[in-house]
Amino acid sequence: MKSLEELKAIREKMKRQMDLREDNESNIRVVVGMATCGIAAGARPVMTAFLDEINRRGLTNVTVSQTGCIGVCRLEPVAEVFVPGEEKVTYVRLRPEMVPAIVEQHLVNHSVVQDYTIGAAE
Amino acid sequence: MKELSLHLLDVAKNSVAAGAKHVSITLDEDGDGWLTIAIADDGRGMAPEFLAQVTDPFTTTRTTRKVGLGLPLLRLTAEQTGGSLSIDSTLGVGTTLTARFQRRHLDCPPLGDLPGAVALLIQGSPDMELTYRHTTPRGEAALSTAELRDILGDDVSLAEPEVFAWIQDYLTEQENEAAVDASPAAVSEGEVQ
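Read on for an overview of the structure. (Residues numbered from 1 in each chain as written. Chains lettered and ligands numbered in written order. Predicted model: local features only at pLDDT ≥ 70, side-chain atom pairs only at ≥ 80, totals over all residues.)

**Some thoughts on the overall build of chain A**
Scanning chain A for helices and strands turns up five helices and four strands. Scanning chain A from its N terminus toward the C terminus, one meets helices and strands in the order α-β-α-α-β-β-β-α-α. Along the longest, intermediate and shortest principal axes, the C-alpha atoms of chain A span 45 × 35 × 20 Å. A fraction of 66% describes how many contacts in chain A between residues 6 or more apart in sequence connect residues 24 or more apart. (Helix = DSSP H or I, 4+ residues; strand = E, 2+ residues; numbered from the N terminus. Contact = placed C-beta atoms within 7 Å.)

Below you can see the structure in the form of structure tokens.
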């Protein structure tokens, strides 16, 4: 059974990580479109996949957030990746199974997964 | 929208957009297959003129285009099962949406991943206070972000991936305990018609 005690343990662990993070200026942001269009196209499992993968790898320099309609409903689910000092990358028509590659190649190794980008889709 | 939980996520995001500080989500299932979903917020509310046409697909708050399908689709889904959708709203006070579904109706979508939807809602708006309660004839699943925040303190955000995973697992266990099989196959053909 999951208990509130476990949450206390998470708190202690996170607080230790926070101290490290405050010094980290290379914070990467992942923003997933979660408006009606995104949700209907399958953004929820994609968002969950990002959170799961980042949690599994213990990446402390990545923030995942949600936004509304990014404006290209036909290409949903859409996620934007912001790496400081680099150009924004927009990934489109995402499926959960595509997420581990983006996390590994782009978020960890700073190499854009070109095949999944809006440039490759258009 | 293939699941009711996706509607829930979609509609509750309207409360977030309305600047709500507190959102209450309740799902109530009775023994006759009726499910009532209520989403109440203390956001900015809607003017009567806007409220009157809010389930019209060509009414939306967004500025990029003139189509908004979230509420019309939810109303259609509810009405297709013999249920209904109603919205009460007062400017400056808040909005309450109530949708009723007959879960034994063939056209009623499955509930879907409720823990996932609630966890994502919290992850997307970690500073908003959210209470969630799903009551079934077998039990209930409940969560309050105020309780979680008491434990996590101000330093740890509810948006953290690890907290998200915990919320999802915590609710999944409760939902599994309280789950009621209301699929059409679970009832006789006569009742469905």
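**Things to note about the overall build of chain B**
Secondary structure summary: chain B contains seven helices and six strands in total. Scanning chain B from its N terminus toward the C terminus, one meets helices and strands in the order α-β-β-α-α-β-β-α-β-β-α-α-α. By the compact-globule yardstick of 16 Å for 193 residues, chain B fits well, its C-alpha radius of gyration being 17 Å. A principal-axis box enclosing the C-alpha atoms of chain B has dimensions of 55 × 40 × 25 Å. Burial statistics for chain B: of 193 residues in total, 41% are counted as buried. Sequence separation of at least 24 residues holds for 65% of the intrachain contacts in chain B that already meet a minimum separation of 6. (Rg over C-alpha atoms; globule rule 2.2 N^0.38 Å. Buried ≥ 20, exposed ≤ 12 C-beta atoms within 10 Å, placed from the backbone.)

**Section: the interface of chain B and chain A**
Each partner contributes residues to the interface: chain B has 30 residues there, and chain A has 26 residues. Elements with a minimum of two residues in the side of chain B that touches chain A: helix H1 (4-17), helix H4 (114-124), helix H5 (145-152) and helix H6 (161-178) of chain B. In the side of chain B that touches chain A, the residues fall into 16 nonpolar, six polar and eight charged. (Nonpolar A, V, L, I, M, F, W, Y, C, P; charged D, E, K, R; others polar.)

**Overview of the packing of H4(B) against H6(B)**
The angle between the axes and the distance between the axes are what describe a pair of packed helices. Residues and elements named next belong to chain B. It is the contact of H4 with H6, at a shortest axis distance of 8 Å, that shows an interaxial angle of 150 degrees. As judged from the angle between their axes, H4 and H6 are roughly antiparallel. The handedness of the crossing between H4 and H6 is right-handed. Along its contact with H4, which presents Leu114, Pro115, Gly116, Val118, Ala119, Ile122 and Gln123, the element H6 presents Phe164, Ile167, Gln168, Leu171, Thr172 and Glu175. Looking at side-chain class alone, the contact of H4 with H6 contains eight nonpolar, four polar and one charged residues. (Axes fitted to C-alpha atoms, helices over the stretch in contact; angles between N-to-C directions. Parallel < 35°, antiparallel > 145°, perpendicular 65-115°, else oblique. Left-handed = near helix turned anticlockwise from the far one by under 90°.)

**Overview of the pairing of strand S2 (residues 34-41) of chain B**
Residue and element names in this part refer to chain B. Judged by which residues are buried, S2 turns out to be one-sided: Leu35, Ile37, Ile39 and Asp41 face inward and are buried, whereas Trp34, Thr36, Ala38 and Ala40, on the alternate face, are not. Where strand S1 (residues 22-29) meets S2, seven bridges bridge the pair, whose relative direction is antiparallel. Bridging from a neighbouring strand, Ile25 pairs with Ile39 of S2. Adjacent in sequence and paired antiparallel, S1 and S2 are bridged by four residues, among which Gly33 carries a positive phi angle near 90 degrees. Bridge count for S2 against strand S4 (residues 94-102) is eight bridges, and the pairing is antiparallel. Along S4, the bridge assignment pairs Trp34 with Gln102. (Pairing = 2+ DSSP bridges.)

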